[in-house]
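Architecture and fold: a report
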Amino acid sequence: MSGSNQHSEKEPEPLIVITTVASFADKQNGITKRLQPIRIKRQNGQVHRVQKIRKCHEEPVGHGHKQIHITLQTKDDRYLDIVFDTKKVGWYLVYEEAGMLLD
């Protein structure tokens, strides 16, 4: 039964994400989330600058393991759903859409 352990879906694309990390929110200095992505580099060389974080939430996925999901809008009007995986210690692209309203 070779292939039974393979996923039928495509694996998420690994990303390089420049982000701020804060221990606490500091609204006076514009820090409203613990993780705030600033710039994203994709495997194909594309670089996206973050304009606005639309949504952010944490999901527990095992004992001591969680994923932080962030939906954001880039300055070139793309909408990305990215995730930080605490077990793999990496960022991944889950979904991308161009010029879409998510309101």
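Model, not experiment: these values are computed from the prediction.

Some details on the overall build of the protein
A tally of regular secondary structure across the protein gives zero helices and six strands. The order of α-helices and β-strands along the protein, N terminus first, is β-β-β-β-β-β. Across the 103 residues of the protein, 31% fall into the buried class. The long-range fraction of contacts in the protein, counting pairs at least 24 apart against all pairs at least 6 apart in sequence, stands at 26%.

Thoughts on the side chain of glutamine 36
By secondary structure assignment, the location of glutamine 36 is in strand E2 (residues 35-41). Once residues lying within four places of it in the same chain are set aside, the contact partners of glutamine 36 are Ile18, Thr19, Thr20, Gly30, Ile31 and Ile53.

Thoughts on the sheet that holds strand E1 (residues 13-21)
In spatial order, the strands read E1-E2-E3-E4-E5-E6; together these six strands close into a barrel with antiparallel pairing. The average undirected angle you get between the axes of adjacent strands in this sheet is 40 degrees. Where strand E3 (residues 47-62) lies against strand E4 (residues 65-74), ten bridges are found, and the strand directions are antiparallel. Looking at the pairing, glutamate 58 lines up with isoleucine 68 of E4.

Quick word on the nonpolar core
Burial of nonpolar side chains together is a common tendency in soluble globular proteins. Membership of the largest hydrophobic core comes to 14 residues, with the highest contact counts inside it found for Leu15, Ile40, Ile70, Leu72, Leu80, Ile82 and Trp91. Mapped by element, the contributors of at least two residues to this core are E1, E2, E3, E4, strand E5 (78-85) and strand E6 (90-98). Ignoring any residue separated from it by four or fewer positions in sequence, one finds leucine 72 in contact with Pro37, Ile40, Val50, Lys52, Ile53, Arg54, Arg78, Tyr79, Leu80 and Ile82.

Examining the environment of valine 21
Tracing the backbone shows valine 21 in strand E1. What makes valine 21 exposed here is its relative accessible area of 64%. The spatial distance from the C-alpha of valine 21 to the C-alpha of glutamine 36 is 6.8 Å, given a sequence separation of 15 residues.

Some points on unusual backbone geometry
Despite not being glycine, aspartate 77 has its phi angle at roughly 60 degrees, a positive value. Take aspartate 77: its relative accessible area is 35%, and that puts it in the partly exposed class. Although it is not a glycine, valine 89 adopts a positive phi angle of roughly 50 degrees. With respect to the helices and strands, valine 89 occurs in the loop between E5 and E6. Looking at valine 89, the relative accessible area reads 62%, which means it is exposed.

Considerations on the pattern of salt bridges
Side chains that differ in sign of charge can pair as their charged atoms come close. Counted under the stated rule, the structure contains four salt bridges. As a salt-bridge pair, arginine 42 and glutamate 13 come within 2.7 Å of each other at their nearest N and O atoms. Of this pair, arginine 42 sits in the loop between E2 and E3 while glutamate 13 sits in strand E1, placing them 29 residues apart in sequence. Given the relative accessible area of 12%, arginine 42 is considered buried. Exposure remark for glutamate 13: the relative accessible area of 17% places this residue in the buried category. Between arginine 78 and glutamate 96 there is a salt bridge, with the nearest N and O atoms lying 2.6 Å from each other.

Rules and cut-offs
Residues numbered from 1 in each chain as written. Predicted model: local features only at pLDDT ≥ 70, side-chain atom pairs only at ≥ 80, totals over all residues. Heavy atoms only, no water. Helix = DSSP H or I, 4+ residues; strand = E, 2+ residues; numbered from the N terminus. Buried < 20%, exposed > 50% of the residue type's maximum accessible area, 1.4 Å probe, protein only. Contact = heavy atoms within 4.5 Å. Pairing = 2+ DSSP bridges. Axes fitted to C-alpha atoms, helices over the stretch in contact; angles between N-to-C directions. Core = buried A, V, L, I, M, F, W, Y, C linked by side-chain atoms within 4.5 Å. Salt bridge = Lys/Arg side-chain N within 4 Å of Asp/Glu carboxyl O.

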